[in-house]
Amino acid sequence: RNMDSSIMVPVGVATLALAACGTLAWKVFRPKGVVYGSDALVMQCLFCDIAHGRTDPAKGGRPADQRLQGRLLHETADVAVFCNLAVHAHLHLLAIPKQHLQNISVLGPEHIPLLQQLKAAGTEALREILANEVHEATGRRIRTPAEVEEEARNNFVFNFHVPPFNSIDHLHLHCLHLPSHGWLS
């Protein structure tokens, strides 16, 4: 299920984690942000609400960079990108499909174009933010266009969390600009 080598989707890890943890894993790492009806259909989803403009992306927290708070950073007909509230890198964005997909376990070959769109949207949002960062004292841009492209080649990382280790039960691609901090360091 890998789109290419730059988006790693270790499908076997989910099976290994469930085998090691059993049903306890589902209790400890239960999905958040989604309400299911008795018929197992999605009744409410935080990420669907963000993608369709029904709620603020900053609801429930604040990104490290306050200028990014509360707005979609990139949007297409199928994808939305916003700042992750649990930041683990210099920039930590989430790219989500507007169509509700539970997680990577539901993906098939027909989803490859969507995965490519998620990565492209995340890359574009990271590039735009880096290109527009200014030094507080001088007001000048920190990076030249060539430096932004160098950062994109060397310091952009994209990944999905594998169930049961996903925090929201809506497919989301983590789009990071290193260096990382916190537990990822």
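Structure's up top.
Residues numbered from 1 in each chain as written. Predicted model: local features only at pLDDT ≥ 70, side-chain atom pairs only at ≥ 80, totals over all residues. Heavy atoms only, no water.

Draft legend 1. Representation of the overall build of the protein chain in the model. When you go through the protein chain residue by residue, the secondary structure sums to 5 helices and 8 strands. Burial statistics for the protein chain: of 185 residues in total, 42% are counted as buried. Long-range pairs, those at least 24 residues apart, make up 59% of the contacts in the protein chain between residues at least 6 apart in sequence. Here the protein chain displays about 10300 Å² of accessible surface, and carbon together with sulfur accounts for 56% of that area. (Helix = DSSP H or I, 4+ residues; strand = E, 2+ residues; numbered from the N terminus. Buried < 20%, exposed > 50% of the residue type's maximum accessible area, 1.4 Å probe, protein only. Contact = heavy atoms within 4.5 Å. Areas by Shrake-Rupley, 256 points an atom, 1.4 Å probe, with all protein chains shown as cover.)

Draft legend 2. Region of the structure containing the packing of aromatic side chains. This structure, assessed with the given rule, holds 1 aromatic pair. When the centroid spacing of 5.4 Å and the interplanar angle of 75° are considered together, the rings of Phe47 and Phe82 count as edge-to-face. Of this pair, Phe47 sits in helix 3 (residues 46-51) while Phe82 sits in strand 5 (residues 79-83), and the two are 35 residues apart along the sequence. Take Phe47 and Phe82: they sit in the same class, and that class is buried. (Phe/Tyr/Trp six-rings, centres within 6.5 Å; stacked < 30°, edge-to-face > 60°.)

Draft legend 3. Spotlight on the nonpolar core. Grouped together as the largest cluster of nonpolar side chains are 27 residues, with contacts concentrated most on Leu93 and Leu118. Counting only elements with at least two residues in this core, the list comes to strand 5, strand 6 (89-97), helix 4 (112-132), helix 5 (145-155), strand 7 (156-159) and strand 8 (173-180). Take this core: its biggest share by element is 8 residues, from helix 4. (Core = buried A, V, L, I, M, F, W, Y, C linked by side-chain atoms within 4.5 Å.)

Draft legend 4. Just the pairing of strand 5, in detail. Most of strand 5 is tucked away: 5 of the 5 residues are buried. Alternating residues of strand 5 divide into Val79, Val81 and Cys83 and Ala80 and Phe82, and every residue in both groups is buried. Note: strand 4 (residues 74-75) against strand 5, 2 bridges, orientation antiparallel. By the bridge assignment, His74 is partnered in strand 5 with Val81. Connecting strand 4 to the next strand, strand 5, in antiparallel fashion are 3 residues. (Pairing = 2+ DSSP bridges.)

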